Amino acid sequence: MPIKLPFLGKKNKHKQKQQDALQKEALPKHVAIIMDGNGRWAKKRGMPRVAGHKEGMSNVKKIVTAASGYQLEALTLYAFSTENWRRPKAEVDYLMKLPMEFLNTYLPELVEKNVKVQTIGRFDGLPKHTRDAVEKAKDRTKGNTGLILNIALNYGSRNELMEAMKSFLNDVQAGNKSAEDLNEESFSEYLYTKNLPDPDLLIRTSGEQRLSNFLLWQSAYTELWFTDVLWPDFDEQLFEKALSDYQKRKRRYGGI
Ligand code: V07
């Protein structure tokens, strides 16, 4: 059945037609995005890198609204990696203010759209003002049943896997687990993503074609989709193109 795009304004009603090719049944449940190219977007305009991050933040709102309109189960966004601490301090400080800025502006709308905010990553490594803003959003949206907006903040996949292994070994040492209990399913319970399905589709903007320490375990069977378009320019139509390309691919999970 063709699906409606409830988020389209009157001006954009013509897009509904283009949309009709998308089949709701075959939409991915979980989409993950590496939002790359914000610095480059700013540089192209002679603006400071942080101006690109700000524009990228506005675009997050646009794509979250679209994902919610498609009734996806989860959208995971790579907002800050464990490697990003190596950037200049001023840029890191700015980035750490964006969760607060985003939520100050958009939290009421997320609540209204029944979106549930979650995070993955080392939460305790974040500045207090960042944690406080995100904690408040999680709390305000914890009862929501719509799109799970999962923000990867201070996230690194290898770090996640090591922390999972440490936590499993702790359980073994405490006598609650033994090596025989370890399998792919039980191990997944130790990951940040334990309550989420694996991503069906992973999108990366800005031309790089690698995973950069993002969801390595979870992406074992994920369809990868790349575009040269920079994150601030990645709009609803391109998102729709990624979803429709996904639907055209036949997923095999190693079978035939
Ligand atoms: C960040 C904007 C998007 C492009 C990539 C880097 C910069 C939204 C958030 C956010 C965080 C928490 C939350 C809701 C939204 C964000 C950071 C960077 C650190 F609950 N955008 N954005 N957080 N950028």
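Here's a quick rundown of the structure.

1. As for the site of the ligand
- With respect to spatial proximity, 16 residues lie near the ligand, and among them Asn38, Met57, Leu95, Phe102 and Leu103 are the closest.
- Protein contacts shield 98% of the accessible area of the ligand, which totals 510 Å² for the unbound molecule.
- For the shell around the ligand, the elements supplying multiple residues, two or more each, are helix H3 (49–69), helix H4 (89–112) and strand S4 (148–155).
- It is H4 that contributes the most residues to the shell around the ligand, five residues altogether.
- Its residues assigned to classes, the shell around the ligand comprises 13 nonpolar, three polar and no charged.

2. Quick look at the pairing of strand S5 (residues 201–204)
- Neither face of S5 is exposed, since Leu201 and Ile203 on one face and Leu202 and Arg204 on the opposite face are all buried.
- One ladder, built from four bridges, connects strand S1 (residues 30–34) with S5; its direction is parallel. Each residue of the ladder has a partner; that of valine 31, found in S5, is leucine 201.
- Summarising the sheet, S5 and strand S6 (residues 223–226) pair through four bridges and their orientation is parallel. Opposite leucine 201, over in S6, you have glutamate 223 as the bridge partner.

3. Comments concerning the packing of aromatic side chains
- Enumeration according to the criterion identifies eleven aromatic pairs in this entry.
- Pairing tyrosine 78 with phenylalanine 214 gives two aromatic rings, centres 4.1 Å apart and planes at 10°, and the pair type is stacked. In this pair, tyrosine 78 sits in strand S2 (residues 74–81) while phenylalanine 214 sits in the loop between S5 and S6, placing the two residues 136 residues apart along the sequence.
- Judged by relative accessible area, which is 9%, tyrosine 78 ranks as buried.
- Looking at phenylalanine 214, the relative accessible area reads 0%, which means it is buried.
- An aromatic cluster of at least three residues, connected via ring pairs, comprises Tyr70, Trp231, Phe234 and Phe239.
- Between the NZ or CZ atom of lysine 138 and the centre of the ring of phenylalanine 123, over which it lies, the distance is 4.1 Å.

About the thresholds
- Residues numbered from 1 in each chain as written.
- Predicted model: local features only at pLDDT ≥ 70, side-chain atom pairs only at ≥ 80, totals over all residues.
- Heavy atoms only, no water.
- Near = heavy atom within 4 Å.
- Areas by Shrake-Rupley, 256 points an atom, 1.4 Å probe, with all protein chains shown as cover.
- Helix = DSSP H or I, 4+ residues; strand = E, 2+ residues; numbered from the N terminus.
- Nonpolar A, V, L, I, M, F, W, Y, C, P; charged D, E, K, R; others polar.
- Buried < 20%, exposed > 50% of the residue type's maximum accessible area, 1.4 Å probe, protein only.
- Pairing = 2+ DSSP bridges.
- Phe/Tyr/Trp six-rings, centres within 6.5 Å; stacked < 30°, edge-to-face > 60°.
- Lys NZ or Arg CZ within 6 Å of the ring centre and 35° of its normal.

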